[in-house]
Amino acid sequence: MEVNETSTKERIISTAISLFHTNGYKGTTIREIAKAAKVNSANISYYFNGKQGLLEACFVRFFEKYLSFLEEEVRNLQYESSDKCLKRALYYILNYQSDHHLLARFVWREVSVDSQIVREIISSYLMKERFYFKQLMKEAVGDKATTTEMNYFIVQLRSMITMPFLNSQYLREVWQMFPHEKYFVDHYFLIIDRWLTQILENQTKPFLLKAAFL
């Protein structure tokens, strides 16, 4: 692909991410994207086959990189301890989302909407995410947890690493926390690290404690 062609595609995607984030997918038109990116609308049709193709490109861009951190640490299980691999994957994912906070917020917001393309994303990317997390957690907890307990734990852990970017406005306005800043990522990860360490090193109690009121 020629440099100019690559540059044009990147400009279109970057512009689309910004407008999708601000106005929502449905609230953004091809004409608005073309105008902001300073390209002809025909370029968007040529490179992406329309607005839905652009949406797919945004999903692919986000999830390919997001999953690469989990995949890499699953491979590293044969060389390093499971808790180290798991924590490193989480740290890289937090940093990636922070560096691409507009894309992260848009993607997590969009996958909450039931549509054909979202169902395809779930089957192709989020099922892989589940597999990688289960591999990392299986090695980390061994026989300390049942399958059901581990599944609930993964859902909780996943929520912890996606919440700041999905709810970035809430964090900014209510807590004066800024997920796009390195300071936030480092301090937020320390809390997750301590939480994980306490659970993974807990050899005398059940993996998940029963709620006191049950």
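Bear in mind that the values here come from a model prediction, so they are computed numbers and not experimental data. (Residues numbered from 1 in each chain as written. Predicted model: local features only at pLDDT ≥ 70, side-chain atom pairs only at ≥ 80, totals over all residues. Heavy atoms only, no water.)

**A word on the overall build of the chain**
This is how the line gets drawn: Only DSSP runs of H or I reaching four residues or more are called helices, and only runs of E reaching two or more are called strands; each is numbered from the N terminus. Type-normalised accessible area, obtained with a 1.4 Å probe on protein chains alone, sets the label of each residue: buried when under 20%, exposed when over 50%, and partly exposed for intermediate values. In what follows, a contact means two residues having at least one pair of non-hydrogen atoms within 4.5 Å. Per-residue accessibility takes into account occlusion by the displayed protein chains alone, with areas from the Shrake-Rupley method and a 1.4 Å probe. By the counting rule applied here, Lys and Arg register as positive and Asp and Glu as negative, while His and the ends of each chain are not counted. By convention, charge coordinates are those of NZ in Lys, CZ in Arg, CG in Asp, or CD in Glu.
Scanning the chain for helices and strands turns up 10 helices and 0 strands. Tracing the chain from N to C terminus, the helices and strands come up as α-α-α-α-α-α-α-α-α-α. Its C-alpha atoms put the chain at 65 × 40 × 30 Å along the principal axes. Across the 214 residues that make up the chain, the buried fraction comes to 43%. In the chain, once contacts between residues fewer than 6 apart in sequence are set aside, the share between residues at least 24 apart is 72%. Carbon and sulfur atoms make up 53% of the accessible area of the chain, which totals about 12,400 Å². The chain carries 27 positive and 24 negative side-chain charges, and their two centres are separated by 4 Å.

**So, the packing of aromatic side chains**
Using the following cut-off: For Phe, Tyr and Trp, rings pair up if their centres lie within 6.5 Å, where Trp contributes its six-membered ring, and each pair is then called stacked (planes under 30 degrees apart), edge-to-face (over 60) or tilted (otherwise).
If you walk through the whole model with that rule in mind, you get 20 aromatic pairs. Ring centres 5.1 Å apart and planes at 80 degrees place the aromatic pair Phe62 and Phe63 in the edge-to-face group. Here Phe62 falls in the buried class, since its relative accessible area comes to 0%. Aromatic rings pair up to connect Phe59, Phe62, Phe63, Tyr66, Phe69, Tyr91, Tyr92, Tyr96, Trp108, Tyr125 and Phe189 into one cluster.

**Remarks on helix α7 (residues 116–141)**
As a reminder, the rule being used: Here a helix's expected span is defined as the number of its residues, less one, multiplied by 1.5 Å. A residue's bend is simply the angle between two axes: one fitted to the seven residues ending at it, one to the seven starting at it.
Across its 26 residues, α7 extends 36 Å between first and last C-alpha, which sits within 8% of the 38 Å expected from 1.5 Å per residue. At Ile122, α7 is deflected by roughly 40 degrees, the largest bend along its length. Within α7, the full set of buried residues consists of Ile117, Val118, Ile121, Tyr125, Leu126, Glu129, Tyr132, Phe133, Leu136, Met137, Ala140 and Val141. Those residues of α7 that are buried are in contact with α4 (51–75), α5 (82–99), α6 (101–110), α8 (147–166) and α10 (182–200). The first or second residue beyond α7 is Gly142, which carries a positive phi of 55 degrees.

**A word on the pattern of salt bridges**
Defined as follows: Should a side-chain nitrogen of Lys or Arg be within 4 Å of a carboxyl oxygen of Asp or Glu, the pair is scored as a salt bridge.
Counted according to the given criterion, the structure contains 10 salt bridges. For the salt bridge of Lys84 with Glu80, the shortest nitrogen-to-oxygen distance reads 3.1 Å. For Lys84, a relative accessible area of 45% puts it in the partly exposed group. Among the charged side chains, a salt-bridge network with shared partners connects Glu73, Glu80, Lys84 and Arg88.

**Concerning unusual backbone geometry**
The backbone phi angle of Lys38 is positive, close to 60 degrees, even though this residue is not glycine. A positive phi angle, near 60 degrees, is found at Asn49, a position not held by glycine. For Asn49, the location among the structural elements is in the loop between α3 (41–48) and α4.

**Topic: the packing of α5 against α7**
Our working rule: The angle between two axes is taken between their N-to-C directions and runs from 0 to 180 degrees, where each axis is a line fitted to C-alpha atoms and a helix contributes only its stretch in contact. By definition, turning the near helix anticlockwise from the far helix through less than a right angle yields a left-handed crossing, and turning it clockwise yields a right-handed one. Gly falls in the polar group here, along with every residue not listed as nonpolar (Ala, Val, Leu, Ile, Met, Phe, Trp, Tyr, Cys, Pro) or charged (Asp, Glu, Lys, Arg).
One can describe the packing of α5 onto α7 by two numbers: an axis separation of 8 Å at closest approach and a directional angle of 145 degrees. Helix-helix and strand crossings are classified by hand; for α5 and α7 the assignment is left-handed. Along its contact with α5, which presents Ser82, Cys85, Leu86 and Leu90, the element α7 presents Phe133, Leu136, Met137, Glu139 and Ala140. Among the residues forming the contact of α5 with α7, the class breakdown is 7 nonpolar, 1 polar and 1 charged.

**What to know about the nonpolar core**
Operational definition: Working definition of a nonpolar core: buried Ala, Val, Leu, Ile, Met, Phe, Trp, Tyr and Cys residues. They are joined through side-chain atoms within 4.5 Å.
By size, the foremost hydrophobic cluster in this structure holds 68 residues, and its most contacted members are Phe63 and Tyr66. In terms of residue count, the dominant contributor to this core is α4 (12 residues).

**Regarding the packing of α7 against α8**
Look at α7 against α8: their axes get within 10 Å of each other, and the N-to-C directions meet at 115 degrees. Handedness of the crossing formed by α7 with α8: right-handed. Mapping the contact onto sequence places Leu126, Glu129, Phe133, Lys134, Met137, Lys138 and Val141 in α7 and Thr147, Met150, Asn151, Phe153, Ile154, Leu157, Arg158 and Ile161 in α8. Per-class residue counts for the contact of α7 with α8 are 9 nonpolar, 2 polar and 4 charged.

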